[in-house]
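Structural overview for review
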Amino acid sequence: AQKVTQAQTEISVVEKEDVTLDCVYETRDTTYYLFWYKQPPSGELVFLIRRNSFDEQNEISGRYSWNFQKSTSSFNFTITASQVVDSAVYFCALSGSNTGNQFYFGTGTSLTVIP
Amino acid sequence: ETGVTQTPRHLVMGMTNKKSLKCEQHLGHNAMYWYKQSAKKPLELMFVYNFKEQTENNSVPSRFSPECPNSSHLFLHLHTLQPEDSALYLCASSQARGLAGAYNEQFFGPGTRLTVL
């Protein structure tokens, strides 16, 4: 079975604080990809990152960083020095070798950055 | 126009109406998707088209009818909907997963906010 769990429903932080969004996944596939998307109030999901199951190196892109740990089936997302523009709903997703083109999305974490 | 566009952005319809949602992608992709997003629920994949052929239908009621005339356009025809069908309907596109097994990210449109009265 394929499943993505984002246990944090809502998070509020004060601007400039760091925040980590958790993502835990389940899959029986040995080859799979993990994704993070951002959904601002406008509604459109914006692609942030794709990571394959064979690459456990952490990745940093500006204020964003991702920590992929197969041992704990987690793919967490950290925003450093948060800004008001980071306020959005963030989705983690999984696509496996046996799922065709299907993505399995978590329920999302709503992040509010307070000025 | 760039990316993935959807029209209309908002739609209010009665249960006896017939309407259609339109999606167009300008990215040269060959796979397109319809998702339903309801409050407090994960995105629900409804339909997948690869190279204009429907490859997945996730037990979607027949009151939703997709159409993909070419790789750039995707429609969702709606008829006799129920109030519980009110949601944000998102269209996405990607390169299809080919023999090489590429797992390609999906690019989303802004969605159509549907309200069924």
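Residues numbered from 1 in each chain as written. Chains lettered and ligands numbered in written order. Predicted model: local features only at pLDDT ≥ 70, side-chain atom pairs only at ≥ 80, totals over all residues. Heavy atoms only, no water.

1. A short note on the pairing of strand β2 (residues 10-14) of chain A
Residues and elements named next belong to chain A. The side-chain alternation of β2 yields one buried face, formed by Ile11 and Val13, and one unburied face, formed by Glu10, Ser12 and Val14. With 5 bridges joining them, β2 and strand β12 (residues 109-114) adopt parallel strand pairing. In the sheet register, Val13 faces β12, and the bridge partner there is Val113. (Buried < 20%, exposed > 50% of the residue type's maximum accessible area, 1.4 Å probe, protein only. Helix = DSSP H or I, 4+ residues; strand = E, 2+ residues; numbered from the N terminus. Pairing = 2+ DSSP bridges.)

2. A word on the state of the cysteines
This structure, assessed with the given rule, holds 2 disulfides over all chains. Two residues, Cys23 of chain A and Cys92 of chain A, share a disulfide whose sulfurs are 2.0 Å apart. On the S-S bond that ties Cys23 of chain A to Cys92 of chain A, the torsion sits near -65 degrees, and the link is left-handed. Pair noted here: Cys23 of chain A is in the loop between β3 (19-21) and β4 (24-26) and Cys92 of chain A is in strand β10 (residues 88-96), with a separation of 69 residues, a long-range link. Both residues of the pair, Cys23 of chain A and Cys92 of chain A, belong to the buried class. One disulfide in the model links Cys23 of chain B with Cys91 of chain B; its S-S distance is 1.9 Å. Between Cys23 of chain B and Cys91 of chain B, the S-S dihedral sits near -75 degrees, and the bridge is therefore left-handed. You can see Cys23 of chain B sitting in strand β3 (residues 18-25) and its partner Cys91 of chain B sitting in strand β9 (residues 87-94), a full 68 residues away along the chain. Each member of the pair, Cys23 of chain B together with Cys91 of chain B, is buried. (Disulfide = S-S within 2.5 Å.)

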